[in-house]
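Fold and geometry: a report
These are the residues of each chain, in order.
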Amino acid sequence: MLDGLIVSGLVTGSAYAILAVCLVVLFRLVGVLNLGQAAIGGFGAYTVYALAGTGLSLPLAALAGIAVSAAIAAVAGWVMARWFGEAGPVVGAVVTVVLLVVILTAGYRLFGDAPRVMPSLVPDVSFPLAGVRVSLTTLLALAATLALAAGLTLLLRRTRVGIRLQAVAERPTSAQLLGVNARALSVGVWAAAGALSALALLFVAPTRNPTFESMALLVVPALAAALVGALSNVWLAAAAGLGIGAIEGAGARVPWLADYRGALPFVVVIVALVWMRRREVWDAVR
């Protein structure tokens, strides 16, 4: 029974992992900790089900919703690059809090605050694996997480675009002098992260029947996972997201943990921040 709960928690964990990878990539390449990342994805997910409710087929609605999230993120990225390109990470994070509030307000106005029953994009099929029933949604969510982490690693290390992105992140002035369009690359990174966030929430939404607010607050466990990866390592962030989801799933049947599952991401955030601070002190001593 516990094994099954851990496996079922991996769907949620995959959503945390994808959101965490988006946070890491944005911070590494653009220098912004986007606290509105889950809200952007949630807006796209709610758009999907609003369009599906009008009679549009679910696959077409999904493409439209992902495009909406990408467009919102692209506009946010353009604003950040246009007016806050030289600001530090603290100012950038504050601006994303404003972005979160704006998206939450728009979401409430358009979609309301009642929980939604959301149909799954994936057929309700499961397979036996090592004595545990594994759903097709879980397999696809895990595959998407691993493919994203591997794809980003290859993109950043092996492609011209990846090299340009890292050049812009590390030496923005030099990159611009060499003719690299830093603003266009930045907007592209934001748009891609927005689209991936919508995809992540489309995986997890049917298992939670969420409100718009609860989807936006998924940024908390994603932030915890991103901090475990020190906002730089996509593989560690992805693994941490999966781990948090698995522990939350298992915690549903563990009496002493069930009532505290919601606090787990906050504990992880605090531990990760303390660990990062101690590491800075150790590095300074050396």
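Identification of the protein chain as Branched-chain amino acid ABC transporter permease from Leucobacter allii is taken from an unreviewed UniProt entry. Here the protein chain is described in UniProt, under the heading Subcellular location (unreviewed entry), as follows: "Cell membrane". The Sequence similarities (unreviewed entry) comment attached to the protein chain in UniProt states, word for word, "Belongs to the binding-protein-dependent transport system permease family. LivHM subfamily."

**Points about the packing of aromatic side chains**
For the coordinates displayed, the defined rule picks out six aromatic pairs. Aromatic pair Phe 43 and Phe 111: ring centres 5.3 Å apart, planes at 70°, arrangement edge-to-face. Placement of the pair is Phe 43 in helix H2 (residues 37-53) and Phe 111 in helix H4 (residues 89-111), with a sequence separation of 68 residues. We note that Phe 43, like Phe 111, is buried. For the ring pair Phe 111 and Phe 212, a centre distance of 6.1 Å and an interplane angle of 35° mean the geometry is tilted. Of this pair, Phe 111 sits in helix H4 while Phe 212 sits in helix H9 (residues 212-216); the two residues are 101 residues apart in sequence, bridging distant segments of the chain. You'll find Phe 111 and Phe 212 in the same group, each marked buried. Ring-pair connections join several aromatic residues into one group, and the members of that group are Phe 43, Tyr 46, Phe 111 and Phe 212.

**Structural notes on the packing of helix H5 (residues 136-158) against helix H11 (residues 234-251)**
Two elements in contact, H5 and H11, have axes separated by 9 Å at closest approach and are oriented at 165°. Considering the angle they form, H5 stands roughly antiparallel to H11. Relative to H11, H5 is oriented so that their crossing is right-handed. Of the residues in H11, those touching H5 at Leu 142, Thr 145, Leu 146, Ala 149, Ala 150 and Thr 153 are Val 234, Trp 235, Ala 238 and Leu 242.

Definitions and limits used
Residues numbered from 1 in each chain as written. Predicted model: local features only at pLDDT ≥ 70, side-chain atom pairs only at ≥ 80, totals over all residues. Heavy atoms only, no water. UniProt positions renumbered as here; feature names shortened; annotations may be inferred. Phe/Tyr/Trp six-rings, centres within 6.5 Å; stacked < 30°, edge-to-face > 60°. Helix = DSSP H or I, 4+ residues; strand = E, 2+ residues; numbered from the N terminus. Buried < 20%, exposed > 50% of the residue type's maximum accessible area, 1.4 Å probe, protein only. Axes fitted to C-alpha atoms, helices over the stretch in contact; angles between N-to-C directions. Parallel < 35°, antiparallel > 145°, perpendicular 65-115°, else oblique. Left-handed = near helix turned anticlockwise from the far one by under 90°. Contact = heavy atoms within 4.5 Å.

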